[in-house]
2 protein chains.
Amino acid sequence: MQLQDVLIHSSVLLATSSTAYYYYYKLQSLAFLLYLVVSSTTYLAVFYMIPKIKKFTLNAGLYGKDINKKGTPEGELQIPETLGIVPATIFIIFNMVGVLYSYKQHSTSHIAFEHCAGMLSICFIIFLGFCDDVFDLPWRYKILLPNLASLPILVAYEGVTHVVLPIFLRPYLGNYVNLGILYYLYMMAVVTFCTNSINIYAGINGLEVTQSIIIACSILLYNLTELWLGEQQTFSHTISIQIILPFIFCTLGLYYYNKYPSQVFVGDTFCYWSGMVFATVGILGHFSKTLLLFFIPQILNFVYSFPQLMKIIPCPRHRLPYYNVETKKLEKVKTNLNLINLYLWIRGPLSEKDLCKELVILQISCSILGFFIRYYGAHLMF
Amino acid sequence: MQLQDVLIHSSVLLATSSTAYYYYYKLQSLAFLLYLVVSSTTYLAVFYMIPKIKKFTLNAGLYGKDINKKGTPEGELQIPETLGIVPATIFIIFNMVGVLYSYKQHSTSHIAFEHCAGMLSICFIIFLGFCDDVFDLPWRYKILLPNLASLPILVAYEGVTHVVLPIFLRPYLGNYVNLGILYYLYMMAVVTFCTNSINIYAGINGLEVTQSIIIACSILLYNLTELWLGEQQTFSHTISIQIILPFIFCTLGLYYYNKYPSQVFVGDTFCYWSGMVFATVGILGHFSKTLLLFFIPQILNFVYSFPQLMKIIPCPRHRLPYYNVETKKLEKVKTNLNLINLYLWIRGPLSEKDLCKELVILQISCSILGFFIRYYGAHLMF
């Protein structure tokens, strides 16, 4: 087992065993413990189904070549694309049963409504992601559609629409500002950011999946911390945990096949799906601002990529590093403005495997920083 | 304009103008009238988008040749496939806004929950239908997946689980039998039947779409009749109308391109989508038994096809009639057991256009028969 595997698996183990501990010892909730155990079966389902479905994607011509291995025999293989549909479908199926659990457990149809609305948004974005993988949709659709997909969540959202102002602004503007409809536009922006930021921070084996697992585990631990601290909104955090748990297990199943050297690629389907899951739990869990603290590498990547995304600087089709066949290492490409090339610039050439490992460490460190800002930094400002 | 067009358009006009009349004069509900007007814009959206999206499906290799025109120049054209994704996507987007309407209008999150659950089931089946078009999934997935997709509707279903017994059985068994969990299995069977029955009664230009429009208009008129008669369950019928209205307009937009001679094919996506819409409104509208009265041709087709579907008799890949290049007419193929071949057997060879027209007349006649059974026949038995 490689260091990267150890890091990923221990993150998942930490997050899920904390959940088990909390629900068993603190809440005596055997029903939720059962839910956790049942979610873990989605890992097996994904593990079992990917080899079956990858034959279909190959037959349908949905495959790609590994650009980072160009010039080697591995670079000539046809690697099945868009396998993100497998965990995404299993996730949706699991949550369809999960809606029943929400409905029975919380004895209120509003929770079930929120859960269902979240799933509708997620299911719609999976469909669009798959369409994108098959058709390669133009950008104007890609930017518009996540906004439309977010409508059900926004309808179901029953939280506040005001924001707390930082201490230094309070003498002038008061403690709160009620944003009203602007708050809904802000939530739409969160959805657009989440669905696209995973997608543009990609390009080396396993990166989309590993960053998603770390973000998901951070979200799970944040929810538990809030419940532990006895903050309000128990329901919102519970629904958020309920959605993120099967996500973690499904994605872990995909990780097995997608880690370096990738046997399958994940496609836009995966990136949209995972982004929408994060946005959904953030909004329905009422922590859409805290959510962004677990996206620090994605925010950095977005800011650094901004001039190219906006076409202020010419933007190539792929913005990958350069693969040096002789040293078998990836090297920076100065004109490709993204975090991967920036990291290689600072760190020097690295093999694809080491690069992914170090980016996982970066993601975990940024999550720890996020927790620090949330629980220490925030007190200084708010 | 051809007779078939006139029949389809007058059915839609009758159904929608009755809705307008009912909500404006009887209920003074301007909000719903506005909803009706806004739904009609989905027609324009589908009409505008199909030519744009058909380029993508052609590029992705999703096209077919028209088997019923084999041997003619038209039979050699590459006709874009799976264009059912366009009305289906626009339908989902419209209903995402529609959920907001349900939520505000009925001031109860249970109605919005039902609406959302219905959309989740429909969205999931659209995704599966599209996967089927791209991958050509084996039968074992096709049979299983609609059952899974139906779970959200079943969770949201808050109706009775008993059935009224026919008069002649009452002395022995009482007036009602409570089926409990069996009633849920029965509803799953309705979903499986609806999603597959449109798909297997297909094979000539425009048939999937025209049968769906007639069934949808019949459902709309049935809902209105029940509301008119002042039966209970106003909410259930309203939600059912709300879902079926944009369906009718979306499908009418597709009809324009799919009618004889087809410029686009609809794909399994369309058949699954329309079947699931019918099952959803039937279940959430609490009239899943009456619903089947609008499926008489589909039931006949299913019963007649049964030996071949179960592989008791060998079943070819396509069960189309034989196209006679000289007479330009379709002729029966005795070994293909479906309603199309049965009809040609009784009626003699027909051109594809006339065959579709007559099958539309058959569908309309069966709907009228269905109404007759519901309002006269049923009183004799129940």
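Residues numbered from 1 in each chain as written. Chains lettered and ligands numbered in written order. Predicted model: local features only at pLDDT ≥ 70, side-chain atom pairs only at ≥ 80, totals over all residues. Heavy atoms only, no water.

In many reports, interface size means the accessible area that the parts give up when they come together. The interface of chain A with chain B comprises 43 residues on the first partner and 43 residues on the second. Summing both sides of the interface, chain A and chain B together bury roughly 3700 Å²; the carbon and sulfur share of this comes to 86%. Across the chain A-chain B interface, the total number found is zero salt bridges. One can count zero residue pairs in polar contact (both at pLDDT 80 or more) joining chain A with chain B. The set of elements that each furnish at least two residues to the side of chain A that touches chain B consists of helix 2 (30-59), helix 3 (85-105), helix 4 (109-135), helix 5 (139-149) and helix 6 (151-156) of chain A. Of the residues in the side of chain A that touches chain B, the class split is 36 nonpolar, four polar and three charged. (Contact = heavy atoms within 4.5 Å. Buried area = accessible area lost by both parts, 1.4 Å probe. Salt bridge = Lys/Arg side-chain N within 4 Å of Asp/Glu carboxyl O. Polar contact = N/O pair within 3.5 Å; in protein donor to acceptor, adjacent residues only side chain to side chain. Helix = DSSP H or I, 4+ residues; strand = E, 2+ residues; numbered from the N terminus. Nonpolar A, V, L, I, M, F, W, Y, C, P; charged D, E, K, R; others polar.)

So, on to the packing of aromatic side chains. Per the stated rule, a full pass over the model turns up 69 aromatic pairs over all chains. Summarising the aromatic geometry, the rings of A:Phe91 and A:Trp273 are spaced 5.5 Å apart at their centres and angled 65° between planes, so their arrangement reads as edge-to-face. With A:Phe91 in helix 3 and A:Trp273 in helix 11 (residues 267-284), this residue pair connects regions lying 182 residues apart in the sequence. A centroid spacing of 5.2 Å and a plane angle of 35° characterise the contact between B:Tyr21 and B:Tyr25, whose relative ring orientation is tilted. One end of the pair is B:Tyr21 and the other is B:Tyr25, both in helix 1 (residues 3-26) and four residues apart, which spans about a single turn. Put simply, the rings of A:Tyr21, A:Tyr22, A:Tyr23, A:Tyr24, A:Tyr25, A:Phe32, A:Tyr35, A:Phe94, A:Tyr101 and A:Trp228 pair up and form one aromatic cluster. (Phe/Tyr/Trp six-rings, centres within 6.5 Å; stacked < 30°, edge-to-face > 60°.)

Evaluated as defined, the whole model comprises 18 salt bridges over all chains. We note a salt bridge from A:Lys142 to A:Asp132, for which the minimum N-O separation is 3.1 Å. Of this pair, A:Lys142 sits in helix 5 while A:Asp132 is found in helix 4, placing the two residues 10 residues apart along the sequence. Comparing A:Lys142 with A:Asp132, the two get one shared label, buried. A salt bridge links B:Lys69 to B:Glu352, with the nearest nitrogen and oxygen atoms 3.0 Å apart. Of this pair, B:Lys69 sits in the loop between strand 1 (63-64) and strand 2 (79-80) while B:Glu352 sits in helix 15 (residues 352-381), placing them 283 residues apart in sequence. Summarising the burial analysis for this pair, B:Lys69 and B:Glu352 share the class buried. Here the residues in one salt-bridge network are A:Asp66, A:Lys69 and A:Glu352, joined through shared partners. (Buried < 20%, exposed > 50% of the residue type's maximum accessible area, 1.4 Å probe, protein only.)

Next up on the list: the side chain of A:Asp268. Secondary-structure assignment places A:Asp268 in helix 11. Apart from residues no more than four positions distant in its own chain, A:Asp268 is found in contact with A:Gly129, A:Asp132, A:Asp133, A:Lys142 and A:Asn199.

Here the focus is the relation of the copies chain A and chain B. The operation relating chain A to chain B is a screw motion whose rotation component is 180°, with 0.0 Å of axial translation and a residual RMSD of 0.0 Å. The operation mapping one copy onto its partner corresponds to a two-fold rotation axis. Looking at chain A, 100% of its interface residues are interface residues in chain B too, so the copies touch through the same face. (Least-squares fit on C-alpha atoms with pLDDT ≥ 70 in both.)

This brings us to helix 9 (residues 207-228) of chain A. For helix 9 of chain A, spanning 22 residues, the distance from its first C-alpha to its last is 31 Å, which sits close to the expected 32 Å at 1.5 Å a residue. Burial of helix 9 of chain A is extensive: 19 of the 22 residues sit out of reach of the surface. (Expected span 1.5 Å × (residues − 1).)

Quick look at the packing of helix 10 (residues 234-258) of chain A against helix 11 of chain A now. All names here are of chain A. Running from amino to carboxyl end, helix 10 crosses helix 11 at an angle of 160°, the nearest separation of the two axes being 9 Å. By the angle between their directions, the pair helix 10 and helix 11 is classed as roughly antiparallel. For the element pair helix 10 and helix 11, the recorded crossing hand is left-handed. Counting all contacts with helix 10, which are made through Ser 236, Ile 239, Ser 240, Ile 243, Ile 244, Phe 247, Cys 250, Thr 251 and Leu 254, the residues of helix 11 involved are Phe 270, Trp 273, Ser 274, Val 277, Phe 278, Thr 280, Val 281 and Leu 284. (Axes fitted to C-alpha atoms, helices over the stretch in contact; angles between N-to-C directions. Parallel < 35°, antiparallel > 145°, perpendicular 65-115°, else oblique. Left-handed = near helix turned anticlockwise from the far one by under 90°.)

Looking now at helix 3 of chain A. Structurally, the α-helix is built with 3.6 residues per turn, so residues lying three or four positions apart point the same way. Residues and elements named next belong to chain A. Across its 21 residues, helix 3 extends 29 Å between first and last C-alpha, which sits within 8% of the 30 Å expected from 1.5 Å per residue. In helix 3, a bend of some 25° at Val 97 exceeds every other bend along the element. For helix 3, the tally of buried residues reaches 17 of 21 residues, placing the bulk of the element in the interior. (Bend = angle between axes of the 7 residues up to and from the residue.)

Another point: the environment of A:Asn178. Residue and element names in this part refer to chain A. Considering the arrangement of structural elements, one finds Asn 178 in strand 4 (residues 176-178). Separated by 2.9 Å, the side chains of Asn 178 and Thr 161 make a polar contact. Engagement of the side chain of Asn 178 in a polar contact is seen with the backbone nitrogen of Gly 180, the distance being 3.1 Å.

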